[in-house]
Amino acid sequence: MTSSYETHEHDVLIIGAGGAGLRAAIEALAQGARVGLVCKSLLGKAHTVMAEGGIAAAMGNVDKADDWRTHFRDTMRGGKFLNNWRMAQLHAQEAPERVRELEHWGALFDRTEDGQILQRAFGGHTFKRLCHVGDRTGLELIRTLQDRGVQQGIDVYMECTITRLIRDGDRIAGAFGYWREQGRFVVFKARSIVIATGGIGKAWKVTSNSWEYTADGMALAYETGAELLDMEFVQFHPTGMVWPPGVQGILVTEAVRGEGGTLKNNRGERFMEKYDPKRMELSTRDVVARAIYTEVREGRGTEHGGAYLNISHKPADYVKKKLPSMYHQFKELADVDITTGPMEVGPTCHYMMGGIRVDAETGQSTVPGLFAAGEAAAGLHGANRLGGNSLSDLVVFGKRAGTAAAEHSSRVQSGALDAEQLEEAEREMLAPFERTDGEFPYEIHRDLQETMHSLVGIFRNEEDLQKALGELEKFKRRLESVRADGSRMFNPGWHLTRDLRSMVLISEAVTRSALARRESRGAHSRIDYPNLDDTWGKQNNIIVKRGDTMALEQRPVADLPDELKEILAENK
Amino acid sequence: MAEAILRVFRGGPEGGKPVDYRVPVAPGMVVLDALHSIQGHQSPDLAVRWNCKAGKCGSCSAEVNGRPRLTCKSRLDALPLDEPITVSPLKAFPLIKDLVTDVSWNYKINKMIPAFQPRAGVEWKMYQRDVDRVQEFRKCIECFLCQDVCHVLRDHAKHESFGGPRFFVRTACLEMHPLDGVSRTKLLKDELGLGLCNITKCCTEVCPEEIHITDNAIIPLKERVVDEFYDPITMLVRKIRGA
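Our subject in this report is the structure included herewith.

Conventions adopted
- Residues numbered from 1 in each chain as written.
- Chains lettered and ligands numbered in written order.
- Predicted model: local features only at pLDDT ≥ 70, side-chain atom pairs only at ≥ 80, totals over all residues.
- Heavy atoms only, no water.
- Axes fitted to C-alpha atoms, helices over the stretch in contact; angles between N-to-C directions.
- Helix = DSSP H or I, 4+ residues; strand = E, 2+ residues; numbered from the N terminus.
- Parallel < 35°, antiparallel > 145°, perpendicular 65-115°, else oblique.
- Contact = heavy atoms within 4.5 Å.
- Nonpolar A, V, L, I, M, F, W, Y, C, P; charged D, E, K, R; others polar.
- Pairing = 2+ DSSP bridges.
- Buried area = accessible area lost by both parts, 1.4 Å probe.
- Salt bridge = Lys/Arg side-chain N within 4 Å of Asp/Glu carboxyl O.
- Polar contact = N/O pair within 3.5 Å; in protein donor to acceptor, adjacent residues only side chain to side chain.
- Buried < 20%, exposed > 50% of the residue type's maximum accessible area, 1.4 Å probe, protein only.
- Core = buried A, V, L, I, M, F, W, Y, C linked by side-chain atoms within 4.5 Å.

1. Some thoughts on the packing of helix α2 (residues 68-78) of chain A against helix α16 (residues 562-569) of chain A
Two packed helices can be described by the angle between their axes and the distance between those axes. All names here are of chain A. It is at 9 Å that the axes of α2 and α16 come closest, and there the two elements cross at 80°. Our classification of the angle between α2 and α16 gives roughly perpendicular. Contacts from W68, R69, F72, R73, M76 and R77 of α2 reach α16 at L564, I567 and L568. Looking at side-chain class alone, the contact of α2 with α16 contains six nonpolar, no polar and three charged residues.

2. Some details on the sheet that holds strand β1 (residues 3-12) of chain B
Residue and element names in this part refer to chain B. Read from one edge to the other, the open sheet built from five strands follows the order β2-β1-β5-β3-β4, with strand pairing classed as mixed. With one partner strand each, in any of the chains shown, β2 (15-24) and β4 (67-70) form the two edges of the open sheet. For this sheet the average axis-to-axis angle between neighbouring strands, irrespective of direction, equals 35°. As defined by bridge partners, β1 adjoins strand β5 (residues 85-88) across three bridges and the pair is classed as parallel. Paired with V8 across the two strands is V87, which belongs to β5. Packing of helix α1 (residues 31-41) onto the sheet brings it into contact with β1, β2, β3 (61-64) and β5, and relative to β1 it is tilted by some 70°.

3. Notes on the interface of chain A and chain B
On the chain B side, the residues contacting the 61 residues of chain A number 55 residues. Roughly 4900 Å² is buried in total at the junction of chain A and chain B, and carbon and sulfur atoms are behind 54% of that figure. Together, K45(A), L108(A) and F490(A) form the three largest contributors to the area buried by chain A at its contact with chain B, with a combined 13%. Between R170(B) and D147(A) there is a salt bridge whose closest N-O contact spans 3.1 Å. Where chain A touches chain B, the interface holds 35 residue pairs in polar contact (both at pLDDT 80 or more). Secondary structure elements with two or more residues in the side of chain A that touches chain B: α3 (85-104), α4 (137-152), α10 (324-334), α13 (441-455) and α15 (492-516) of chain A.

4. A short note on the pattern of salt bridges
Residue and element names in this part refer to chain A. For the structure on display, the rule yields 81 salt bridges over all chains. When the shortest N-O distance is used, the salt bridge between K476 and E473 registers 2.8 Å. Remark: E473 and K476 occur in helix α14 (residues 462-480); sequence separation between them is three residues, near one turn of the helix. Since its relative accessible area comes to 29%, K476 is described here as partly exposed. Here E473 falls in the partly exposed class, since its relative accessible area comes to 33%. Each of the salt bridges in this network shares a partner with another, and the network as a whole consists of R23, E27, R98, E101 and K399.

5. Remarks on the nonpolar core
Nonpolar side chains in soluble globular proteins tend to end up buried together. Formed by 242 residues in total, the largest nonpolar core has its most connected members in F72(A), I193(A), I195(A), L6(B) and L35(B). Of the residues forming this core, the biggest block, ten residues, is contributed by α15(A). If near-sequence neighbours (up to four positions away) are discounted, I195(A) is found in contact with I15(A), L165(A), G217(A), L220(A), A221(A), I356(A), L370(A), F371(A), A372(A), A373(A) and A376(A). Membership of the second largest hydrophobic core comes to 14 residues, among which are Y5(A), I166(A), F176(A) and A425(A).

What follows is the structure, given as structure tokens:
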């Protein structure tokens, strides 16, 4: 049956070519596996390039007192202790080695006076910890990994979208997808699959995410029976651009605050004094995002509904050197010179803390042979991610998932590709062309973004969340008759018909989890339950497919070993 | 509300033509916003590449009013709106559909360049003054606008014998890495055709990252090639040694 499709065979198939996917691919290859890497865009364009401020690693180059223990404690505190402690520990312990490795592969970080990697301050980090390259650290990371991977011999399938994972009984057998360019279908045979597809930011109206972030990987894993963890925790980055309209949501790096930027309201007050007098602008993202949102809601916002972020008290040359892309971004897109005046900023949907539930050591999901790493996976960040912990997450757990996926592929038999599953996957993709009277997907997408923005945003309540669930049911019905126009050649409207299904499905997982968690913790703020709740503080939300139902259950947060409890208890 | 007319190339390798679309103009709008508006309201199958929409990924390259540009950084209010804004695909690469071209050739060239290889026994210490010039090259977002504008590729289609400005920048980046121990000068001379560049600086002019491609990458590389292969003293020594 598979003979009718273009078919490629690998030991390990990696879906997604951002930092996590590339790092996993390099590692799986180093273990001797034949590796295929599939990505929706051209290689090197994944959203990792938008990570600006830096990669967190307790190297102690600037603040000598820093060590993994402090990084671990900061990460757990930032995540309001919902984190998977073992992931937080491994991450803090291994990040410095992963950064050194990037340097050995050709990355060029900014330097200290004595020739080491320079580190800067960031929200929620006790010490200066973020290794960086101006404000384009993500680009440095992705380019380094991309060149390394290509030179080592990874097979890359660019502009290819996976729409279905194929199982043989309990085993992962492969994946089905289409080439974006020609619209032809393609099948991958693999014994291990690593999902590294990022998040779901494109389901919100104001977002820093690009078109790619439509929850594909989370949806694929869910449909295959994997558990999703803590889906209510969606990070709104405090500082996105708010004006002009076309650039709304584009990220303004936290490095502006890391380099000494201040936040003020329209009365000239440094309002963070009210919300976190100790850490001020370098408080955690959940706190700063809520503070800006509250200032605007209470009438103290800027002309275009944001807050003023100012770095112009620093010398102009310093700003241009340390924040070059911010300087150009504001100059070219908003007619603002950040060396002389303030930026207008407001919260923007940025990152998904929740995702595929994985084993800390291996990144394996609850489905054998299916792995996840990076934003698509969950556990490390708990209820709120610290800035800089994302790039380090990618390389620490990308490497681990790559190792484990290669190892798994070496000890299991290949599964058979079931013709029926493939045919169903093809039918699903062709259906939008057969409809003549349905809606085009863009309108449904706009409405979905509006719904998630207004009902499942920074502040939530029971009534809004219930309403959102009702709306999501309507979107599912609208998707049944969504249609595509034109041919299968590079057709973004057709592609969106499929991406929307993942977005609606995973938006439902977010909404159900948000409804269940009757407390406010980290990035999840319930107006009707404004406080931390001790019972909820010991529980993770799990979403899993049971038959045709999306089931939600609670699972106790794993208890920490005593030596880690001691680290958390230290009052630093 | 003000309107702009976008004259967008529609079609594929077998043929196509510019099609006019009227698009409402909002403050600060860029050409990519206008293309998205066309996709969202008029023509859902319009093929466009884009990702970050912030000038950091280099996906949305096209020719706006004949000039190679990132559409995400091309403000409508900087263009004359009393006439149609033309948006066409990059000319130096084979067309796939509408504004999307086949840029895979660039990835093939990239693969020819030997990776960073530290010299044996190096101490992993580098100073800012030593990495500054390489960091300039590493700003490259691979938008391929420099490749598109370069007449060696655009007009003479020397894709078989010429690497193009992007890959001179990439090679310079490796050659000038303070700890790198590999020489790529022979590759530059024989495979990447560095000599074909006659330093007209068109690439530097279109670079959205403002990398001084010609002055800081290409000319120093040309000097290295000359020093190694055409230096009269070296040539004499080679002759005597029979090399």
